[in-house]
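The residues making up each chain are set out below.
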Amino acid sequence: MESNIEEKFKKHKMLNEIKEVNGYKVHKRLNLYVDLGYKCNGNCDFCITKTKERYKEKRKTNIQKQLESLKRIKGIYYSVEFVGGEPLLYSDNIRKMLDVIDCEKKVIVTNGIKSEWYKSIDILHKFDHIDISRHAIDDNENFKIFKSKNILSIEDFKNIDNKLKEKIRINITCFNGGIDSIKKVESFINTFNKIGIKEFMFANLTKLEYDSFHDDDLVLFTRKNRIEDIEFDSWQQELIKNGYNIIKEIVGYAHFVRILEKDNVVLVFKSNSEIDSAKTLINYYKKDNCLLELVLAPNGEVFADWNYSQKVD
């Protein structure tokens with residue numbers, strides 16, 4: 001008998017959209033995450049990329065090997081997403097990679113590091129989407145969460161040119177003591193919509209287990225400060241009552257995504273509660289050797305998972 005998770009995948013066509021490329025079975029919209037390294041100007045308590053010492057070797061950057069791997073897997077992935085650490089601290093490496101990468105969509109996820117932002121305008125214009133992490137409306141609150149003042153302020157957002165502004169989506173991690181109510185969600189949207197931002201993603205903290213991959217302090221923070229699923233879902237229902245329409249629902253790797261739209265404002269709500277989803281996807285990978293996502297580690301190795309346990313040769 002199929003599990004409910006498997007039925008969800010089939011309902012959303014996740015596992016029915018597999019094709020063969022260069023001998024691999026891949027999802028037709030396979031995303032490649034390029035992990036540039038662990039250097040970051042921030043130090044958020046809930047940062048999922050904080051890893052134990054045993055993984056630091058894999059996160060030491062070897063740009064030559066990364067470039068070789070990008071050439072080897074060219075044509076397999078549909079989109080690429082640059083992550084870190086803070087990607088703009090690796091701007092020279094990004095420039096080299098963009099010369100090699102050929103795909104439908106390019107995304108960069110940044111905290112809007114101020115010192116590097118203005119040096120990297122030429123790079124930023126090459127991306128289809130720019131995801132900027134921000135977790136509070138007020139600048140000082142946001143600086144406190146990041147433990148850094150070297151990030152874009154509201155005034156900086158106002159001064160971004162319109163062509164670049166059209167590519168921006170603000171990514172908000174919700175947690176108790178931060179953005180933790182529908183009132184704060186609506187206030188955040190209104191504040192940044194007034195200055196020309198039209199896309200937002202609100203993500204709940206990921207449910208984490210004490211394991212060999214995640215730091216214990218990170219797991220403790222997420223367990224203590226995670227918004228209850230029923231509360232997180234109620235915000236979406238309230239927005240729907242206020243005129244937002246559901247335009248898409250997606251089951252992904254360990255998360256469920258609902259996309260809402262109203263008056264050209266797009267909201268993505270990412271609920272990271274589907275721990276069983278990840279296990280199901282891994283089982284499908286092992287059974288049929290399917291690639292549902294790829295991670296290019298800083299050391300140049302390619303994996304089918306973020307735990308660096310399923311190496312892709």
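In what follows, the structure referred to is the one given above.
Residues numbered from 1 in each chain as written. Predicted model: local features only at pLDDT ≥ 70, side-chain atom pairs only at ≥ 80, totals over all residues. Heavy atoms only, no water.

**Remarks on the pattern of salt bridges**
Threshold: Within this document, salt bridges are pairs made up of a side-chain nitrogen of Lys or Arg and a carboxyl oxygen of Asp or Glu, the two lying within 4 Å of each other. Runs of E in the DSSP output that reach at least two residues are strands. Runs of H or I that reach at least four are helices, and both are numbered from the N terminus. A 1.4 Å probe rolled over the protein chains alone gives each residue an accessible area, and that area as a share of the maximum for its type sets the label: buried under 20%, exposed over 50%, partly exposed in between.
Enumeration according to the criterion identifies 14 salt bridges in this entry. One salt bridge in this structure joins Asp92 and Arg95, with 3.4 Å as the shortest N-O distance. Of this pair, Asp92 and Arg95 are both found in helix α3 (residues 91–98), three residues apart, which corresponds to roughly one turn of the helix. The class of Asp92 is exposed, set by a relative accessible area of 52%.

**A word on helix α10 (residues 216–225)**
Put simply, the test is: By arc we mean the arc of the directions from the helix axis to the C-beta atoms, nothing more.
Regarding α10, the residues found buried are Leu218, Val219, Phe221, Thr222 and Asn225. Angularly, the buried residues of α10 cover 160° about the axis, an arc narrow enough to put them on a single face. Facing away from the buried surface of α10 by more than 90 degrees, the exposed residues are Asp217 and Lys224.

**Some words on the nonpolar core**
Definition in use: What we call a nonpolar core is a set of buried Ala, Val, Leu, Ile, Met, Phe, Trp, Tyr and Cys residues that are connected through their side-chain atoms within 4.5 Å. We call two residues contacting when some pair of their heavy atoms lies within 4.5 Å.
Counting 61 residues, the largest nonpolar core has Phe82, Trp117, Phe200, Phe202 and Leu267 as its most contacted members. In this structure Leu267 touches Ile189, Phe200, Phe202, Leu239, Tyr244, Arg258, Ile259 and Leu260, once residues within four positions along its chain are discounted.

**Quick word on unusual backbone geometry**
Put simply, Gly84 and Gly85 share a cis peptide bond, and its omega is 20°. Along the chain, Gly85 falls in the loop between β3 (79–83) and α3.

**Remarks on the packing of aromatic side chains**
What counts here: Only Phe, Tyr and Trp rings take part, Trp by its six-membered ring, and two of them pair if their centres are within 6.5 Å. Stacked means planes under 30 degrees apart, edge-to-face means over 60, and tilted covers everything else. Two conditions define a charge sitting above a ring: the NZ of Lys or the CZ of Arg must be within 6 Å of the ring centre, and it must be within 35 degrees of the ring normal.
According to the stated counting rule, one finds twelve aromatic pairs in the structure shown. Here Phe188 and Phe202 contribute two aromatic rings whose centre-to-centre distance is 6.2 Å and whose plane-to-plane angle is 80°, an arrangement assigned as edge-to-face. With Phe188 in helix α9 (residues 182–193) and Phe202 in strand β7 (residues 199–204), the pair connects residues that are 14 residues apart, well separated along the chain. Assigned by exposure class, Phe188 and Phe202 land together as buried. Through successive ring pairs, a cluster of aromatic residues spans Phe157, Phe188, Phe192, Phe200, Phe202, Phe232, Trp235 and Phe269. Residue placement shows Lys39 over the ring face of Tyr90; its charged tip is 4.9 Å from the ring centre.

**Considerations on the side chain of Glu116**
Along the chain, Glu116 falls in helix α4 (residues 114–117). Residue class for Glu116 comes out buried when judged on its relative accessible area of 15%.

**Some words on the packing of helix α2 (residues 63–72) against α3**
So the rule is basically this: Angles here are taken between N-to-C directions and fall from 0 to 180 degrees, while the axes themselves are lines fitted to C-alpha atoms, restricted in helices to the stretch in contact. In what follows, roughly perpendicular refers to angles from 65 to 115 degrees, roughly parallel to angles under 35, roughly antiparallel to angles over 145, and oblique to any angle outside these ranges. Each crossing gets its handedness from the near helix: less than a right angle anticlockwise from the far helix is left-handed, clockwise is right-handed. Classes in brief: Ala, Val, Leu, Ile, Met, Phe, Trp, Tyr, Cys and Pro nonpolar; Asp, Glu, Lys and Arg charged; the others, Gly included, polar.
The N-to-C vectors of α2 and α3 enclose an angle of 25°; their axes lie 10 Å apart at closest approach. Classified by the angle between their axes, α2 and α3 sit roughly parallel to one another. Where α2 crosses over α3, the handedness of that crossing is right-handed. Across the interface between the two elements, Ile63, Gln66, Leu67 and Leu70 from α2 touch Asn93, Lys96 and Met97 from α3. Counted by class, the contact of α2 with α3 contains four nonpolar, two polar and one charged residues.

**Topic: the packing of α9 against helix α11 (residues 229–241)**
Contact pair α9 / α11: the axes reach a minimum separation of 10 Å and the direction vectors enclose 55°. Put simply, α9 runs oblique to α11. The element α9 and its partner α11 pack so that their crossing is right-handed. Of the residues in α11, those touching α9 at Ile182, Val185 and Glu186 are Trp235, Glu238 and Leu239.

**Some words on the state of the cysteines**
Formally: Two cysteine sulfur atoms make up a disulfide if the distance between them is within 2.5 Å.
Throughout the structure, instances matching the rule amount to zero disulfides. Sulfur of Cys40: no disulfide; nearest cysteine sulfur belongs to Cys47 and is 6.5 Å away. Free of any disulfide, Cys47 has its nearest neighbouring cysteine sulfur in Cys44, separated by 6.4 Å. Using a relative accessible area of 25% as the deciding quantity, one classes Cys47 as partly exposed.

**Observations concerning the pairing of strand β10 (residues 265–271)**
As a reminder of what qualifies: Pairing between strands is defined by DSSP: at least two bridges between them are needed.
Where burial is concerned, most of β10 is hidden: six out of the seven residues are buried. Where β7 lies against β10, five bridges are found, and the strand directions are parallel. The residue bridging Ala203 from the neighbouring strand is Lys270, located in β10. Taken together, the seven bridges between strand β9 (residues 255–262) and β10 define a ladder with antiparallel strand orientation. Its bridge partner lying in β10, Arg258 is registered against Phe269. Following β9, the chain reverses through two residues before pairing antiparallel with β10; Asp263 in that reversal takes a positive phi of roughly 50°.

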